[in-house]
Every structure is written in structure tokens, then in C-alpha cells.
Amino acid sequence: MKRSYIVYTTIFAVVSGLILCILLVFSKPETLAQIQETFTKIETQSKHQAAVKQVPPSLPSSIPNPEEPLIKDVQQMLYDDSIGSYLVVTEDYHFFEVSGTGERINASFQLKNDGKLLLAGLDGMALVDGETVALLTSNQILVTITRKDGAWSEETREKIKGTTIRDNFHGLGYDAEEKEFYTINNIRSLGRIELTYFKTKQDEIKIDPDATAKEKKKLKKKQKPPYLTVVTRDRIDAADGMRADAKKAFEENFRPIGLAERQGRIYTLDSDSLYLYSIDAKDKTITGESASPKVYGAEGIFVQDNELFALVETDKFSSRSFTPID
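Since the model is a prediction, treat every value here as computed from it, not as a measurement.

**Q** Please clarify how the packing of aromatic side chains should be interpreted in this entry.
**A** Pairs of aromatic rings are described using the distance from one ring centre to the other and the angle between the two planes. Here the structure, examined in full by the defined rule, presents 16 aromatic pairs. Taking 5.6 Å as the distance between ring centres and 15 degrees as the angle between the ring planes, the aromatic pair formed by phenylalanine 302 and phenylalanine 309 counts as stacked. On the numbers, 5.4 Å between centres and 80 degrees between planes, the contact of phenylalanine 302 with phenylalanine 322 is edge-to-face. Linking phenylalanine 302 in strand E19 (residues 300–304) with phenylalanine 322 in strand E22 (residues 322–324), this pair joins segments that are 20 residues apart in sequence. No difference in accessibility class separates phenylalanine 302 from phenylalanine 322, as the two residues are buried. An aromatic cluster of three or more residues is present, and its members are Tyr79, Tyr86, Phe302, Phe309, Phe317 and Phe322. The side chain of arginine 262 reaches across the aromatic face of tyrosine 267, ending 5.0 Å from its centre.

**Q** Would you mind going over the side chain of glutamine 76 with me for this structure?
**A** As for its placement among the helices and strands, glutamine 76 is situated in strand E2 (residues 74–80). Since its relative accessible area comes to 13%, glutamine 76 is described here as buried. Of the polar contacts made by the side chain of glutamine 76, one reaches the backbone oxygen of leucine 122; its length is 3.3 Å. Dropping the residues within four chain positions of it, glutamine 76 is found in contact with Leu87, Val88, Val89, Leu122, Asp123, Gly124 and Met125.

**Q** Would you mind going over the sheet that holds strand E16 (residues 265–270) with me for this structure?
**A** Within a sheet, neighbouring strands are paired by backbone hydrogen bonds and run either parallel or antiparallel to one another. Overall, mixed pairing links the five strands, which are arranged E14-E18-E17-E16-E15 in an open sheet. Each having just a single partner strand, strand E14 (237–238) and strand E15 (257–262) make up the two edges of the open sheet. Sheet topology note: the E16/strand E17 (residues 275–280) ladder contains five bridges and is antiparallel. Pairing of leucine 269 across the sheet is with leucine 276, part of E17. The sheet strands contacting helix H4 (residues 244–253) are E14, E16, E17 and strand E18 (285–290), and the helix crosses E17 at an angle near 80 degrees.

**Q** Can you help me understand the side chain of serine 85 in this one?
**A** Mapped onto the elements, serine 85 comes out in strand E3 (residues 85–90). A polar atom in the side chain of serine 85 sits 3.4 Å from the side chain of glutamate 97. Dropping the residues within four chain positions of it, serine 85 is found in contact with Leu78, Tyr79, Asp80, Glu97, Val98, Ser99, Gly100 and Asn106.

**Q** Any chance you could explain the environment of alanine 244 here in plain terms?
**A** Considering the arrangement of structural elements, one finds alanine 244 in helix H4. Given a relative accessible area of 63%, alanine 244 falls into the exposed group. Counting along the chain gives 44 residues from alanine 244 to glycine 288, while the straight-line C-alpha distance between them is 9.7 Å.

**Q** How should the nonpolar core be read in this particular structure?
**A** Nonpolar side chains tend toward joint burial in soluble globular proteins. By size, the foremost hydrophobic cluster in this structure holds 32 residues, and its most contacted members are Met77, Tyr86, Val88, Phe95, Leu111, Leu135 and Phe317. Elements that contribute at least two residues to this core include exactly E2, E3, strand E4 (94–99), strand E5 (105–110), strand E6 (122–129), strand E7 (132–137), strand E8 (141–148) and strand E20 (307–311). The residues contacting methionine 77, other than those within four sequence positions of it, are Tyr86, Leu87, Val88, Met125, Phe302, Leu311, Phe317 and Phe322. By size, the runner-up hydrophobic cluster in this structure holds 17 residues, among which are Ile184, Ile193, Ile236 and Ile286.

**Q** Is there a simple way to explain the pairing of E18 in this structure?
**A** Two faces belong to every sheet, and in a regular strand the side chains alternate between them. Where E14 and E18 come together, two bridges link them in parallel fashion. Bridge pairing links aspartate 237 to threonine 285 in E18. Pairing between E17 and E18: six bridges, direction antiparallel. Within E18, the position partnered with tyrosine 275 by the bridge is serine 290. The hairpin turn running from E17 into E18, its antiparallel successor, is four residues long, and lysine 284 in that turn takes a positive phi close to 60 degrees.

**Q** Any chance you could explain the sheet that holds E8 here in plain terms?
**A** An order of E6-E7-E8-E9 is seen for the four strands of this open sheet, with the pairing classed as antiparallel. Looking at the sheet topology across the chains shown, the edges are occupied by E6 and strand E9 (151–159). Ignoring which end each strand starts from, the neighbouring axes of this sheet average 20 degrees apart. Sheet topology places E8 next to E9; eight bridges connect them, and they run antiparallel. For isoleucine 145, the partnering residue across the bridge sits in E9 and is glutamate 154.

**Q** Even after reading the chapter, I still don't get a negative patch on the surface, so can you show me in this structure?
**A** A contiguous patch of negative charge on the surface is contributed by Asp73, Glu91, Asp92, Glu299 and Asp315. Looking at the element boundaries, glutamate 91 is found in the loop between E3 and E4.

What counts and how
What you see as residue numbers is a count from 1 along each chain, following the sequence as written. Owing to the predicted nature of the model, reporting of local features is limited to residues with pLDDT of at least 70; listing and counting of side-chain atom pairs is limited to 80 or more, with chain, interface and lining totals taken over all residues. Note that the side-chain values use all heavy atoms of the structure and ignore hydrogens as well as water. Only Phe, Tyr and Trp rings are paired, with Trp represented by its six-membered ring, and only when their centres lie within 6.5 Å; those with planes under 30 degrees apart are stacked, over 60 edge-to-face, the remainder tilted. Numbered from the N terminus, helices here are DSSP runs of H or I no shorter than four residues, and strands are runs of E no shorter than two. Under the scheme applied here, a residue whose accessible area is under 20% of the maximum for its type counts as buried, over 50% as exposed, and between as partly exposed, the area being computed with a 1.4 Å probe on protein chains only. When the NZ atom of lysine or the CZ atom of arginine is within 6 Å of a ring's centre and also within 35 degrees of its normal, the charge is said to sit over that ring. Between N or O atoms, a polar contact is any pair within 3.5 Å; within protein, one atom must be a potential hydrogen donor and the other a potential acceptor, and residues adjacent in sequence are included only when both atoms are from side chains. In this analysis, two residues are considered to be in contact whenever any of their non-hydrogen atoms come within 4.5 Å of each other. Two strands qualify as a pair provided that DSSP identifies no fewer than 2 bridges between them. Convention adopted: a line fitted to C-alpha atoms gives each axis, helices being fitted over their contacting stretch, and angles between N-to-C directions are expressed from 0 to 180 degrees. Think of a nonpolar core as a cluster: buried Ala, Val, Leu, Ile, Met, Phe, Trp, Tyr and Cys residues, connected wherever their side-chain atoms sit within 4.5 Å. To count toward a patch, a residue needs a relative accessible area above 30% and no salt bridge. Like charges then connect within 9 Å, nonpolar side chains (Val, Leu, Ile, Met, Phe, Trp, Tyr) within 5 Å. Accessibility throughout is a Shrake-Rupley quantity obtained with a 1.4 Å probe, and a residue counts as covered only by protein chains that appear here. Salt-bridge detection follows one rule: a side-chain nitrogen of Lys or Arg within 4 Å of a carboxyl oxygen of Asp or Glu. Note on charges: Lys and Arg go in the positive column, Asp and Glu in the negative column, and His and the chain ends are not counted at all. One atom stands in for each charge, and that atom is NZ of Lys, CZ of Arg, CG of Asp or CD of Glu.

Have a look at this one:
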């Protein structure tokens, strides 16, 4: 009897503990959000891998000679965590999706540089969602690329309104909550660093509720289509307590290289003075520290598995093309 009591008491204690643990842990909104995000990523990757298998690659899926580069002349790249692949754009505007191992091209297509809006060099590249990527050119054109059934294609190409000849954009990010893009703007002629935000807007036409149906129809015809335009300009200043050498480099010769968003902060790299800068978008301040390792001549920065990487070799894409910097 005594032994049974001990067994039942132990079982009750264990079950009660598990129930309390589940209630305490899984009742938190942030925990549930993380679990849901994980399952969403697994589902996205599974669907994408199935779609990729159905789309025959236009290029060889493997490289016989390990010294031969998979892709040459990289201009921009990032890591898509939702599908576990690298997205790469070359100097001739060839877009590639490369497997997470860096050994296979899953998909590719050629962006056409013709028509009214000609492309210039790329200043930034950002993920909009699990199926959309945006490119920002140095002549301030935003190119949207989408993925469907494992294949990529260009969706839209639009000139950003509200810019000036003094604007000098570096990098591209996307705020999913506000549905707007942002970039680091180094306005050298004014000695001003800012985060410049732009989004799609549509001007509203005021219609008198007492207007006739004919009058309303006439006014609606005057409705201009949505357009991409600058909406906010936030000046960024050095944070209090910023290291003297990093502050001096920021105020005198700041040359940002791309941007990467991680845990609510925006990072950029200056490979001339070899500093890694971190921007607090809410406080409108920036701080910096020496980049480690020293990434001379870096051409970009991106996040993979919550770790910052610098793009250090652009003549070819390989595992040696980038290196962790924090």
C-alpha cells in the first residue's frame, strides 16, 4: 500500500509538472509565434524543394572541378532563411538561387536591361517575404522579383519618387509591419547620414458624398495609380559613449557597405576604416566597433542563421566568398 502511494504520488507530481510547464511556456505569445514561424519555415522549405525538383536547372547541378566557380562576378547576395538558399545577382544581372550547401544552382533567370527603366549598379537587395525579393539600383529603381512553383521572374520595376541628386543610397531593408523599404542615405554634400524610407502610396481623391453618380465616376477617372515614393527621412547621429575612433571615422569618412537587419537593429560595414556599425532606428543613433576579422575590400553584408557575414570575394561565388564578422 505504501509503495503504491509513493508510485501514484510520483506520477501525479510528474504529470502536474509537465502540465504547469506547458501552460507557463506555451502560453507566452512570443513562444507561440516562434513555434509557428518554425513550422511555417519547414512547410515553405518542403514546398519549395518539391517545386525545385520539378523544374530542371538551366545550368549544371554540380561542378566537376571544385576550383571552377559556380557563379562568376557577384554583385549582390543574401541568404533566404525561409528556403535555406542563397540568392545571388551577378554583374550582368543574372539572378541565381543556390542551395544552402553552395554546391547546386536550384534556379536562375536573366534580368533584361532594356526598355524605359534601364538598370544601373545594385546598391541593395532585400527579402520582402518568403516568395519576394527586391533589388535597389544606384539610379534609384526598385526591381521586384517573385518566385512561383520554384521558378523566379521579374514582377515590377519602378522609379522611386521624392529623391534628390544628393541622395546616395547604400543597402536595402524591408519593414514588414509598416510595409515599407528603407536604406542608409549618405548625403555627403550636407554631412548628413539618414535612414530614408519609401513605400507604395496612392493619393486619395475627395469625393463629395452629395455628388451625382456621373460626377463620382468622372472624379474616379482622375485617380492616379499607386506610386513608389520617399515617405520619411530620419537623421542618424553618433550615440553617446561611442568609441572615439569609431565616432571620428563615422563623422569624417563614413562609407557604408550595404545593410543587414538583425534583432531590431540595422548593421552596416565600412571596409575602408574597418568598422562594423549598428543603428538603432528608434533612437536614431549609431554606434561602431572594429570589424573582426579585418575584412578589407568587403562588398556587402548579410545575415545567415542570425550571424552577420561580409561578402569579401565577388569574382566568384563559393564558400570562401563570405566570412562571419561577429
